[in-house]
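The residues making up each chain are set out below.
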Amino acid sequence: MFADPAVWLPFVFAALMGLSIVIYVVLDGFDLGVGVLFPFADDDEKDLMVASIGPFWDANETWLVLAIGLLLVAFPVAHGTILTALYLPVAIMLLGLILRGVAFEFRAKAPARQKARWNRAFFAGSLMASLAQGFMLGLYVLGLDHSWAALAFGALTAVFLTVGYSFIGAAWLILKAKGDLQVKAVEWARGGIWGLILGLAAISAASPLVSTRIWEKWFTWPAMAWLAPLPILSVLLVGLLWAMLRRLPMEGDRLSWVPFVAATALFVLAFLGLAYSFYPYVVPEQITIYQAASAPESLWIILIGTIIVLPMILGYTALSYVVFRGKASLLNYDLIAEDPARDGKAALRPPR
């Protein structure tokens, strides 16, 4: 079967698109979550929160561009169908991403009296993008239906995904912050874990209920046995997060990385469950990846470009996280220098 390019090329591009989406959800999810948490922090804490995502946020959004680009060139029929059905939330998401990008830059350069305005804009942009993505996820799970029930479910997933982003954002701050902000981040994570649990439960329950095909993929033998590790691991990760958040922060900053790694694993497991549920459909119950795929000749050319570009994006992303590892320090655009403590982080010092 996989000797035929018309079969394996669409599968490869679906996998690449899925990889881009899950990386985006984790990476841009935590920096959107940091923005959503802005109202709960004071001015100095806001500066440190922005500093914790400063070297990463724009690179994180590259994965969204890559995912949509792959959808457009590899599955043009699906691209038109999905974006037509989700036109309004996509527009709101883009407006939110633009607003938070502008606010990110201006809040660091604007006069002090205008900083609060840009802080509000950063929060508003983060909230708009998070809610829009959650709403799109809900409609996608229900097959891009626009009935009142589907719209209500979309609104529900919008709230849950936003809370889920705030949770992974708080987990990121536990890793990158120290002192009072780290303590606050632990408290935020303890509250946000409920939204994460409810969101995963709602989507997991809705997916098989809207499709007999998905129900049979999950609840027939021996599929149930093969798939059992997904829900079992998810429950164990939730239990680990619950236990760790009651013990953090620890002396010497021990295990501060656990919540973020566990939350990342939980997001990945949830995505794998969705991917299994909907395969081979790229538009749920309407268009398969094979029906929507471009011609094999076109996919060959796109694959060559992807083989060149994808390692560059992965390498740049990995390099940025290695270079800026360690605790966050205040951002300043005037001078970049190595931190004298030599703890592996990049410090941005004010001018003398």
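## Here we look at the overall build of the chain
Move 1: Counting its regular elements, the chain contains 15 helices and four strands.
Move 2: Taken over C-alpha atoms, the radius of gyration comes to 21 Å for the chain, in line with the 20 Å a tight globule of 352 residues would show.
Move 3: Burial analysis of the chain (352 residues in total) assigns 48% to the buried set.
Move 4: Long-range contacts, defined here as pairs at least 24 residues apart, represent 74% of the contacts in the chain between residues at least 6 apart.
Move 5: Total accessible area on the chain is roughly 17000 Å²; 72% of this is exposed by carbon and sulfur atoms.
Move 6: Positive and negative side-chain charges in the chain, numbering 23 and 23 respectively, have mean positions lying 7 Å apart.

## Quick word on the packing of aromatic side chains
Move 1: With the rule as written, the count across this model stands at 17 aromatic pairs.
Move 2: Seen from their ring centres, F56 and F324 are 6.2 Å apart, and the 90 degrees between their planes marks the pair as edge-to-face. Remark: F324 occurs in the loop between α15 (296-323) and β3 (335-338) and F56 occurs in the loop between α2 (43-53) and α3 (57-60); sequence separation between them is 268 residues.
Move 3: When its relative accessible area of 1% is taken as the criterion, F56 is described as buried.
Move 4: Following the ring pairs from residue to residue traces out a cluster consisting of F30, F56, W172, F260, Y321 and F324.
Move 5: Taking NZ or CZ as reference, K217 lies 4.5 Å from the ring centre of Y276, over its face.

## A few points about the pattern of salt bridges
Move 1: Per the stated rule, a full pass over the model turns up eight salt bridges.
Move 2: For D47, the salt bridge goes to K115, with nearest N and O atoms at 2.7 Å. Taken as a pair, D47 in helix α2 and K115 in helix α7 (residues 112-141) lie far apart in primary sequence, 68 residues in all.
Move 3: Between D253 and K327 there is a salt bridge whose closest N-O contact spans 2.8 Å. Of this pair, D253 sits in the loop between α12 (229-245) and α13 (258-278) while K327 sits in the loop between α15 and β3, and the two are 74 residues apart along the sequence.
Move 4: Accessibility expressed as a relative area gives 29% for D253, which makes it partly exposed.
Move 5: It is possible to trace a salt-bridge network through shared partners that takes in D31, E61 and R100.

## Quick look at the side chain of K46
Move 1: Counting through the fold element by element, K46 comes out in helix α2.
Move 2: The charged side chain of K46 is buried without a salt bridge, its nearest counter-charge being D43 at 4.2 Å.
Move 3: Among residues more than four places away in sequence, those in contact with K46 are F38, A41, R107 and N119.

## What about the environment of G96?
Move 1: Locating G96 in the fold gives a position in helix α6 (residues 87-107).
Move 2: The exposure class assigned to G96 is buried, which follows from its relative accessible area of 0%.
Move 3: Linking G96 and S126, residues 30 residues apart in sequence, is a C-alpha distance of 6.2 Å.
Move 4: Apart from residues lying up to four places away in sequence, G96 is in contact with G125, M128 and A129.

## Concerning unusual backbone geometry
Move 1: Between W221 and the following residue, P222, the backbone shows a cis peptide bond with an omega angle of 10 degrees.
Move 2: Structurally, the position occupied by P222 is in the loop between α10 (212-218) and α11 (223-227).
Move 3: Looking along the chain, the bond that leaves Y279 and enters P280 is cis, with omega of 10 degrees.
Move 4: Look at L144: it is not a glycine, yet its phi comes out positive at around 60 degrees.
Move 5: With respect to the secondary-structure elements, L144 resides in the loop between α7 and α8 (148-176).
Move 6: Residue classification places L144 among the buried positions, given a relative accessible area of 9%.
Move 7: Despite not being glycine, E285 has its phi angle at roughly 60 degrees, a positive value.
Move 8: Checked against the element boundaries, E285 lands in the loop between β1 (281-283) and β2 (287-288).

## Some thoughts on the side chain of Q182
Move 1: Residue position: Q182 is located in helix α9 (residues 179-209).
Move 2: Judged by its relative accessible area of 6%, Q182 is buried.
Move 3: Dropping the residues within four chain positions of it, Q182 is found in contact with I174, A177, P249, D253, S256 and K327.

## Focus on the confidence of the model for the chain
Move 1: For the chain, per-residue confidence averages 85 on the pLDDT scale, and 93% of positions sit at 70 or higher.
Move 2: The model gives residues 333-352 a pLDDT under 50, and that stretch makes 34 contacts with residues more than four places away or in other chains.

## A look at the nonpolar core
Move 1: If you look at the biggest cluster of nonpolar residues, it comprises 99 residues, and the most contacted ones within it are F13, M49, F75, W188 and V282.
Move 2: Leaving out residues up to four positions away in the same chain, F75 has contacts with P10, F13, A14, M17, L70, I289, A292 and A293.

Analysis parameters
- Along every chain, residues carry numbers that run from 1 in the direction the sequence is written.
- Totals for whole chains, interfaces and linings use every residue, but because this is a predicted model, local features are given only for residues with pLDDT of at least 70 and side-chain atom pairs only at 80 or more, for both listing and counting.
- For side-chain calculations, the full set of non-hydrogen atoms in the structure is used, while hydrogens and water are omitted.
- What counts as a helix is a DSSP run of H or I of at least four residues, what counts as a strand is a run of E of at least two, and both are numbered from the N terminus.
- Radius of gyration here uses only the C-alpha atoms, and the compact-globule reference equals 2.2 Å multiplied by the residue count raised to the power 0.38.
- Exposure is judged per residue with a 1.4 Å probe applied to protein chains only, and the accessible area is read against the type maximum: over 50% gives exposed, under 20% gives buried, and values in between give partly exposed.
- The contact definition used throughout considers only heavy atoms, calling two residues in contact when any of these lie within 4.5 Å.
- Note on areas: these come from Shrake-Rupley sampling with a 1.4 Å probe, and a residue is covered only by the protein chains present in the view.
- Note that His is not counted, nor are the chain ends; the positive residues are Lys and Arg, and the negative ones are Asp and Glu.
- Here the site of a charge means NZ on Lys, CZ on Arg, CG on Asp, or CD on Glu.
- We call Phe, Tyr and Trp rings a pair once their centres come within 6.5 Å, taking the six-membered ring for Trp, and we label the pair stacked below 30 degrees between planes, edge-to-face above 60, and tilted otherwise.
- Consider the ring centre and the ring normal. A charge sits over the ring if Lys NZ or Arg CZ is within 6 Å of that centre and within 35 degrees of that normal.
- We define a salt bridge as a contact between a side-chain nitrogen of Lys or Arg and a carboxyl oxygen of Asp or Glu at a distance within 4 Å.
- Confidence of the predictor in every single residue is expressed as pLDDT, which spans 0 to 100.
- Residue types Ala, Val, Leu, Ile, Met, Phe, Trp, Tyr and Cys, when buried and joined through side-chain atoms within 4.5 Å, form a set referred to as a nonpolar core.

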